[in-house]
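Residue-level structural notes
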Amino acid sequence: LDAWLDYGRPTTFWLGGFSNPRGFLAANAQEVCRLHARDKWALDDLVTKTEVLKVEESEVFNPPDTGVHIRGLSIEGAGWDKERCHLIDCE
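Overview of the structure.

Criteria and thresholds
- Every chain is numbered on its own, with residues counted from 1 as its sequence reads.
- The model is predicted, so local features are restricted to residues of pLDDT at least 70 and side-chain atom pairs to those at 80 or more, both for listing and for counting; the totals for chains, interfaces and linings are taken over all residues.
- Each side-chain value is derived from all of the structure's non-hydrogen atoms; neither hydrogens nor water enter the calculation.
- Secondary structure elements follow DSSP: runs of H or I no shorter than four residues count as helices, runs of E no shorter than two count as strands, and numbering proceeds from the N terminus.
- In this description the radius of gyration comes from C-alpha coordinates, and the expected globular size is given by 2.2 Å times residues to the power 0.38.
- With a 1.4 Å probe rolled over the protein chains alone, any residue whose accessible area is under 20% of its type maximum counts as buried; one over 50% counts as exposed, and the rest are partly exposed.
- The contact criterion used throughout is that any non-hydrogen atoms of two residues lie within 4.5 Å.
- Pairing of aromatic rings covers Phe, Tyr and the six-membered ring of Trp, with a centre-to-centre limit of 6.5 Å; geometry is then stacked below 30 degrees between planes, edge-to-face above 60, and tilted otherwise.
- Residues are said to line a cavity or pocket when one of their atoms sits within 4 Å of a point; the points come from a 1 Å grid over protein atoms alone, cavities being sets where a 1.4 Å probe fits but cannot get out and pockets being open sets with protein on both sides within 12 Å along at least five of seven lines.
- Grid points are joined across faces, edges and corners, and a volume is the space filled by probe spheres set on the points.
- Patch definition: residues with relative accessible area over 30% and no salt bridge; like charges joined within 9 Å; nonpolar side chains (Val, Leu, Ile, Met, Phe, Trp, Tyr) joined within 5 Å.
- Shrake-Rupley sampling with a 1.4 Å probe provides the accessible areas, and residues are treated as covered by the protein chains on show and by no other component.
- Each salt bridge in this description consists of a side-chain nitrogen of Lys or Arg and a carboxyl oxygen of Asp or Glu lying within 4 Å of one another.

1. Regarding the overall build of the protein chain
Along the backbone of the protein chain there are two helices and four strands. In summary, the protein chain has a C-alpha radius of gyration of 15 Å against a globular reference of 12 Å for 91 residues, an excess of more than 25%. For the C-alpha atoms alone, the extent of the protein chain along its principal axes is close to 45 × 35 × 25 Å. Relative to its full complement of 91 residues, the protein chain shows a buried share of 15%. Put simply, of all contacts in the protein chain between residues at least 6 apart along the chain, 46% involve residues at least 24 apart.

Here you go:
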């Protein structure tokens, strides 16, 4: 937390590192709605958009304008093709 206060918000968050990841995602949704309060965005109407970045974590230098970059997700029963950015059969 000291680094967060000293250097600002992290560019990525390790979702698996949270004891309550759903709470983190819910807090992020609330933050996005607050940012768009002028446009009267309602939390119940918010749609979560997920996009897999084509870069490694070390290449992410800035947080997104809205939302968060998360890392450390895993897939069971499938693999991920980094070049084509889609699921593949398990090896």
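2. A few points about the packing of aromatic side chains
With the rule as written, the count across this model stands at three aromatic pairs. Relative to Phe24, the ring of Phe13 has its centre 5.0 Å away and its plane inclined at 50°; by these criteria the two rings are tilted. Highlighted residues: Phe13 in strand β1 (residues 13–14) and Phe24 in helix α2 (residues 21–35), separated in sequence by 11 residues. Just as Phe13 is buried, Phe24 falls in that class too. Plain terms: the ring middles of Phe18 and Phe24 are 4.4 Å apart, the flat faces sit at 15° to each other, and that makes the pair stacked. Of the aromatic side chains, those joined through ring pairs into one cluster are Phe13, Phe18 and Phe24.

3. Focus: the layout of surface pockets
Over the atoms rolls a probe the size of a water molecule, and its path tells where empty space is left. Its boundaries defined by the atoms lining it, the largest pocket holds a volume of some 1,500 Å³. Lining the largest pocket are 35 residues; nearest its centre among them are Thr50, Glu51, Val52, Leu53 and Ile70. Elements represented by at least two residues in the lining of the largest pocket include exactly α2 and β2 (70–71).

4. Let's talk about unusual backbone geometry
At Lys40, a position not held by glycine, the phi torsion is positive, near 60°. By the element assignment, Lys40 lies in the loop between α2 and β2. A relative accessible area of 72% means that Lys40 is categorised as exposed.

5. Overview of a nonpolar patch on the surface
There is a patch of nonpolar side chains on the surface, built from Val52, Ile75, Trp80 and Leu87 and spanning about 360 Å² of accessible area. In this fold, Trp80 is placed in strand β3 (residues 79–81).

Note that all results are geometric; they support no functional claim without further evidence.
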